[in-house]
Amino acid sequence: MYVAVKGGETAILNSYELLAAERRGDPEVAELTLAQIRGQMRLAVARVMCEGSLYDKDLAALALKQAAGDQVEAIFLLRAYRTTLPRFGYSVPVDTARMALRRRISATFKDLPGGQVLGPTYDYTQRLLDFSLAEASAAPTPPSAETPLPATSPRVTDLLGEEGMIEAELPLAGDPVPMDLSREPLRFPADRATRLQNLARGDEGYLLALGYSTQRGYANSHPFAGEIRMGEVPLEIIPEELGFAITIGQITLTECQMINQFAGSSDVPPQFTRGYGLAFGESERKAMGMALVDRALRAAELGEEITSPAQEPEFVLAHTDNVEASGFVQHLKLPHYVDFQSELELLRKMRSSSAKVGVGDTANQPELRATEREEA
Amino acid sequence: MNGLPGYNFAYLDEQTKRMIRRALLKAVAIPGYQVPFGSREMPLPYGWGTGGIQVTASILGRKDVLKVIDQGSDDTTNAVNIRRFFNRTADVATTDRTEEATIIQTRHRIPEKPLNENQILVFQVPLPEPMTRLEPHEAVTRKLHALADYGLMHVKLYEDIARYGHIATTYDYPVLVNGRYLMAPSPIPKFDNPKLHMSPALQLFGAGREKRVYAIPPWTRVESLDFEDHPFSIQRWQQVCALCDADDSFLDEVVLDGGGRMFVCSDSDYCRTRQAAGHTGTENTPMEVSA
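### Topic: the overall build of chain B
- Within chain B one finds 7 helices and 13 strands.
- What you see for chain B is a C-alpha radius of gyration of 20 Å, in line with the 19 Å of a compact globule of 291 residues.
- Seen through its principal axes, chain B has C-alpha atoms that stretch 60 × 50 × 30 Å.
- Each of the 291 residues in chain B was classed as buried or not, and the buried ones make up 52%.

### Quick notes on the sheet that holds strand β7 (residues 181–183) of chain B
All names here are of chain B.
- Overall, antiparallel pairing links the 3 strands, which are arranged β7-β6-β10 in an open sheet. In the strand order of this sheet, the two ends are held by β7 and β10 (222–224), each with one partner. Strand-to-strand twist of the sheet, defined as the mean angle between neighbouring strand axes without regard to direction, takes the value 30 degrees.
- Here strand β6 (residues 175–177) runs beside β10; their pairing, made up of 3 bridges, is antiparallel. Counterpart to Val177 in the pairing with β10 is Val222.

### Quick notes on the sheet that holds strand β8 (residues 202–207) of chain B
Residue and element names in this part refer to chain B.
- Strand order in the open sheet made by the 7 strands is β1-β9-β8-β5-β4-β2-β3, with mixed pairing throughout. Two strands lie at the open edges of the sheet, namely β1 (35–36) and β3 (93–94), each paired on one side alone.
- Pairing analysis gives 2 bridges linking strand β2 (residues 65–70) to β3, with the strands arranged parallel. Bridge assignment links Val65 to a residue of β3, and that residue is Ala93.
- Contacts from helix α1 (residues 14–29) reach β1, β8 and β9 (212–216), with the element oriented near 45 degrees to β9.

### Here's the deal with unusual backbone geometry
- Across the junction of Phe188 of chain A and Pro189 of chain A, the peptide omega takes the value 0 degrees, indicating a cis bond.
- Within the chain, Lys211 of chain B stands out as a residue other than glycine whose phi angle is a positive 60 degrees.
- Following the sequence through the fold, Lys211 of chain B ends up in the loop between β8 and β9.
- Looking at Lys211 of chain B, the number of C-beta atoms within 10 Å reads 23, which means it is buried.

### A look at the domain arrangement of chain A
Residues and elements named next belong to chain A.
- In terms of domain boundaries, chain A breaks down into domain 1 (9–82) and domain 2 (96–120 + 149–168 + 184–328).
- A straight line from the C-alpha centre of domain 1 to that of domain 2 covers 29 Å.
- Taken together, the 12 residues of domain 1 in the interface contact 13 residues of domain 2.
- Among the secondary structure elements, those contributing two or more residues to the side of domain 1 that touches domain 2 are α3 (42–51) and α5 (71–82).
- The leading source of residues in the side of domain 1 that touches domain 2 is α3, at 6 residues.
- For the side of domain 1 that touches domain 2, the residue count by class is 8 nonpolar, 1 polar and 3 charged.

### Observations regarding helix α7 (residues 192–200) of chain A
- Among all positions in α7 of chain A, only Thr194, Arg195, Leu196, Asn198, Leu199 and Ala200 of chain A are buried.
- Residues of α7 of chain A that are buried in the fold lie against α8 (204–215), β4 (273–280), α9 (284–297) and α10 (313–317) of chain A.

### Looking at the environment of Met99 of chain A
Residue and element names in this part refer to chain A.
- Positionally, Met99 belongs in the loop between α5 and β1 (100–105).
- A tally of 26 C-beta atoms within 10 Å means that Met99 is categorised as buried.
- Sequence separation of Met99 and Asp111 is 12 residues, and the distance between their C-alpha atoms is 19 Å.
- In contact with Met99, not counting residues within four places along its chain, are Arg229, Gly231, Glu232, Val233 and Leu253.

### Overview of the nonpolar core
- With 111 residues, the main nonpolar core has Val293 of chain A together with Val213 of chain B as its most contacted residues.
- For this core, the element with the highest residue contribution is α9 of chain A, accounting for 8 residues.
- For this core, the domains that each give at least three residues are domain 1 (9–82) and domain 2 (96–120 + 149–168 + 184–328) of chain A.
- The contact partners of Val293 of chain A, leaving out residues within four places of it in the chain, are Leu199, Leu207, Leu210, Gly211, Ala310 and Val316 of chain A.

Each value, and the rule that gives it
- Residues numbered from 1 in each chain as written.
- Chains lettered and ligands numbered in written order.
- Predicted model: local features only at pLDDT ≥ 70, side-chain atom pairs only at ≥ 80, totals over all residues.
- Helix = DSSP H or I, 4+ residues; strand = E, 2+ residues; numbered from the N terminus.
- Rg over C-alpha atoms; globule rule 2.2 N^0.38 Å.
- Buried ≥ 20, exposed ≤ 12 C-beta atoms within 10 Å, placed from the backbone.
- Pairing = 2+ DSSP bridges.
- Axes fitted to C-alpha atoms, helices over the stretch in contact; angles between N-to-C directions.
- Contact = placed C-beta atoms within 7 Å.
- Domains from an automatic or database assignment.
- Nonpolar A, V, L, I, M, F, W, Y, C, P; charged D, E, K, R; others polar.
- Core = buried A, V, L, I, M, F, W, Y, C linked by C-beta atoms within 7 Å.

Written out as structure tokens, the structure is:
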């Protein structure tokens, strides 16, 4: 018996309640607080802020709680909220040379002005599950440096630049205002500022995999991690009524400058080229993946042959956004009865045609088959 | 009455709506041409109707009456969800009667009842570029549109005929709008394509994820691509609707408990209206179909 599909609204409302109960989990266990998520899941918070393109630790923590820890869902929640916010203005470009460093390493020089600073990193931990963390433990007290770090440390690429060994990074002629991808659609060809914006909002896993592919021969890249730095930078705006910059707060950033070989061309002597990565919070993997992909996407500009996915701007940039990707992949869950019915009829027609000798013969087909008629 | 506290009428802020309306005006001025717009993140997932929702939100007025369908039905979960969204954020009147609606947002169907000049049909579009499966690079397809060079699509249709004896596209069947732009009608069955042609209603298409809108103004020529010796044709069933006996509607095939099949209208309002007018099908004695 045919039962009409009714009661969708009640079913939806019930699914909300089930979801809320599953999110809360066992009510005997204390509920997570935003301060706990913010303070103890800081890397998850950083990723949600970065790909959600909204720097707000409290909202990111709330999104993570609401999403039960699902990062892409939390990113989606934050993005959907972000759209509703008015845009008051644009900040002055941040100067990462003025970063209050908590971490700064270079793989290209043994030592350099400002020194190598490991900071809080998993890099040299031995990945042994620490069973002592299974229980509450005393708060650790970290050591502090004997002398404070200098207020500014030159970037490694600046040091190379003094020698002319690396391409200069200069603003384009006329220093055009970059487009705002959150307000305008991505168009191709996309300039580098637009590409970097796209990559900065892009999915970490995707950039990681694409960056990885360039190391494995799918793009001719020979990268060195010139410098990775992480710390706090002041954020400044110039209010119209004041006409000078004021600091409105500080944000944590991770910056990665990849240095790549370049053979040179008829116009340009051999020199190092750059790949750039920048991410909110402590997001080193993201910044490095981004820098590799940025460099790969410069293939056309540098006259390199485009042979691999990571070098193809339309392929790379159209698929970075995990909110878009997640939505479109999962839209396959929506009903497709009508399309499917059409395909079913077509398939029956084809099978019935191929069973006969003459292709395209429409006579004498099974009863279920749709017949064709001329357009009315 | 403003709908959801803390949010603007119909969710989007007025500046965003204005930006979308400007894109829509351009789309109406160049029928079938894809206009890029600053698509926003919506609180519903991309691919689930964000383009249609943004178009509807930007044209919706307080006196509008909204109908939302998915697969022709008002009762499928996503249609329910989108209707709920506008109920919450705009508090507008909603209906499931095609003739009462001033705006109809749809996914995958055009209502069976003819539309009138006071109605706007808003399509949700997953992939606005009709040639995307033949040429994935937008930089290339944009050029092909500029040159009105649609040989790629004609060759694809020709190859279908050479291989299968007929064109093997059954939904999202490409159309030429106003004799100029090749357009994806969204994944409606080709059964619905003739309804696009010379429609008295304004037809707007929104692709949120792909950030494009396009339009078919009222009374515009819309031709489904075909060949002189292989004219365009639409699906027709030998069955009639098992609930309302309609022989002129798109039928969904329903698998019954016993493994049999029955066919019912995909347009739930059309079916209900016919039943109310006294048409009855085989309804509760499902037709057993011998294959």
